[in-house]
Amino acid sequence: LIAVTESDEVNLLTCVIAKLNNSGCHTIARVRSPHYSEESHFLQKGLNLSMTINPELEAAKEMTRLLNFPTAIDIFSFAKDRIDMLRFRVTQQLTTNNLLICIIERNSEIIVPNGDTVIMSGDILTIMAMPSDVEEFFRKIGVKTNKAENVMIVGGGATSYYLAKLLSSRNIHVAI
């Protein structure tokens, strides 16, 4: 059962009732309110939900990733946002000194690097890293991230709330 009405309470109650009537059923509730988002893990465990989803929070997380690394071509998060996969173009030749690089794209060719691989200017690299290590990784290889330092958010809805909170936690000045 997937409950995605406009009301968080209706979604949660619907999932609880579905579990009571059919204990083997999986339930997913959309929970969008900032009041509930802080407790989403508790709600999920306490109400025995299979999953909770919050589209506004996920949109804010994606925007935060893009503002932290605007030079990245793509950014994907895995393992509940504990690992990021980034694709970016390098502008200078590099050596792989102790760096873990998953894939190199060069002239429409895919290269799986080894210890002897030289990274050329114009290559597109795909790396996997913990979010806390990404800035250090870019600094180590000499790639400027152009991280946003000041952000103005127009609007004051749930997405703005989540975005402002995430950006502020990363020491980015936010004006709404």
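The preceding data block contains the structure.
Scope of this entry: the structure provided in the associated data block. Remember, it's a predicted structure, so these values are computed and weren't measured experimentally.

1. What about the side chain of Arg65?
Inspection of the secondary structure puts Arg65 in helix α4 (residues 55–68). Setting aside its immediate chain neighbours within four residues, Arg65 contacts Ile75, Ser77, Asp81 and Asp84.

2. Focus: unusual backbone geometry
With phi around 60°, Asn48 is a residue other than glycine that occupies positive phi space. Residue position: Asn48 is located in the loop between α3 (40–46) and β3 (51–53). With a phi angle near 50°, Asn107 is a residue other than glycine that sits in the positive phi range. Tracing the backbone shows Asn107 in the loop between β7 (103–106) and β8 (109–111).

3. Description of the sheet that holds strand β1 (residues 2–3)
Strand order in the open sheet formed by 3 strands is β1-β2-β3, with parallel pairing between adjacent strands. Edge positions in the open sheet fall to β1 and β3, since each of these has one partner strand only. Direction of pairing for strand β2 (residues 28–30) relative to β3: parallel, over a ladder of 3 bridges. Counterpart to Arg30 in the pairing with β3 is Ile53. The strands touched by helix α1 (residues 8–21) within the sheet are β1 and β2, with β2 carrying the most contacts at an inclination of about 170°.

4. A few points about the sheet that holds strand β10 (residues 124–129)
The strand order β4-β5-β10-β7-β8 describes an open sheet built from 5 strands, whose pairing is antiparallel. Pairing within the sheet leaves two strands with one partner each, and these edge strands are β4 (74–78) and β8. This sheet shows a mean twist of 15° between the axes of neighbouring strands, independent of strand direction. Pairing analysis gives 5 bridges linking β4 to strand β5 (residues 83–89), with the strands arranged antiparallel. Across the sheet, the residue bridging to Ser77 is Asp84, located in β5. Of the strands in this sheet, β5 and β10 are in contact with helix α5 (residues 131–141), which crosses β5 at around 30°.

5. Side note on the packing of aromatic side chains
The full count for this structure, using the stated rule, is 1 aromatic pair. Relative to Tyr162, the ring of Tyr161 lies with its centre 5.6 Å away and its plane at 70°, an arrangement referred to as edge-to-face. The exposure class assigned to Tyr162 is buried, which follows from its relative accessible area of 3%.

6. So, the packing of α4 against helix α6 (residues 158–169)
Running from amino to carboxyl end, α4 crosses α6 at an angle of 40°, the nearest separation of the two axes being 8 Å. Accordingly, the angle class assigned to the pair α4 and α6 is oblique. Viewed along their axes, α4 and α6 form a crossing whose handedness is right-handed. The segment α4 lies against α6, with Glu56, Leu57, Ala59, Ala60, Lys61, Met63, Thr64 and Leu67 engaging Ala158, Thr159, Tyr162, Leu163, Leu166 and Leu167. Among the residues making up the contact of α4 with α6, the classes are represented as 10 nonpolar, 2 polar and 2 charged.

7. Examining the nonpolar core
Membership of the largest hydrophobic core comes to 18 residues, with the highest contact counts inside it found for Phe69, Leu86, Phe88, Leu125 and Phe138. Where this core is concerned, the elements lending two or more residues are β5, β10 and α5. Of the residues forming this core, the biggest block, 4 residues, is contributed by α5. Those residues within four positions of Leu125 in sequence are excluded, and the remaining contacts are Leu86, Arg87, Phe88, Val90, Ile101, Ile103, Ile104 and Ile119. Core analysis: the second largest hydrophobic core is formed by 11 residues, Val151, Leu163, Ala164 and Leu167 among them.

8. Describing the environment of Asp74
Topologically, Asp74 is positioned in strand β4. The class of Asp74 is partly exposed, set by a relative accessible area of 26%. In this structure the C-alpha to C-alpha distance between Asp74 and Arg87, which are 13 residues apart in sequence, comes to 5.1 Å. With near-sequence residues (within four places) excluded, Asp74 lies in contact with Met85, Leu86 and Arg87. Reaching out from Asp74, the side chain makes a polar contact with the side chain of Arg87 at a distance of 2.7 Å.

What counts and what doesn't
- What you see as residue numbers is a count from 1 along each chain, following the sequence as written.
- The predicted nature of this model means local features are confined to residues of pLDDT at least 70 and side-chain atom pairs, given and counted, to a pLDDT of 80 or more, with totals for whole chains, interfaces and linings taken over all residues.
- Values reported for side chains reflect all heavy atoms of the structure, with hydrogen atoms and water molecules removed beforehand.
- Elements are defined by DSSP. Helices are runs of H or I of four residues or more, strands are runs of E of two residues or more, and each kind is numbered from the N terminus.
- Residue contacts follow a heavy-atom distance rule, with two residues in contact if any of their heavy atoms lie within 4.5 Å.
- In short, DSSP must find at least two bridges between two strands for them to pair.
- Angles shown run from 0 to 180 degrees and are taken between the N-to-C directions of axes, each axis being a line fitted to C-alpha atoms and, for helices, limited to the stretch in contact.
- Note on aromatic contacts: the rings of Phe and Tyr and the six-membered ring of Trp form a pair at centre separations within 6.5 Å, being stacked when their planes are under 30 degrees apart, edge-to-face when over 60 apart, and tilted otherwise.
- Only protein chains enter the area calculation, which uses a 1.4 Å probe; residues under 20% of their type maximum are buried, those over 50% are exposed, and those in between are partly exposed.
- What sets the label is the angle itself: under 35 degrees gives roughly parallel, over 145 gives roughly antiparallel, 65 to 115 gives roughly perpendicular, and the rest give oblique.
- The hand of a helix crossing depends on one turn: near helix anticlockwise from the far one by less than a right angle means left-handed, and clockwise means right-handed.
- Any residue that is not Ala, Val, Leu, Ile, Met, Phe, Trp, Tyr, Cys, Pro, Asp, Glu, Lys or Arg is counted as polar, Gly included; the first ten are nonpolar and the last four charged.
- Put simply, a nonpolar core is a bunch of buried Ala, Val, Leu, Ile, Met, Phe, Trp, Tyr and Cys residues held in one set by side-chain atoms that sit within 4.5 Å of each other.
- Any pair of N or O atoms that falls within 3.5 Å is considered a polar contact. Within protein, one atom must be able to donate a hydrogen and the other to accept it, and sequence-neighbouring residues count only if both atoms are side-chain atoms.

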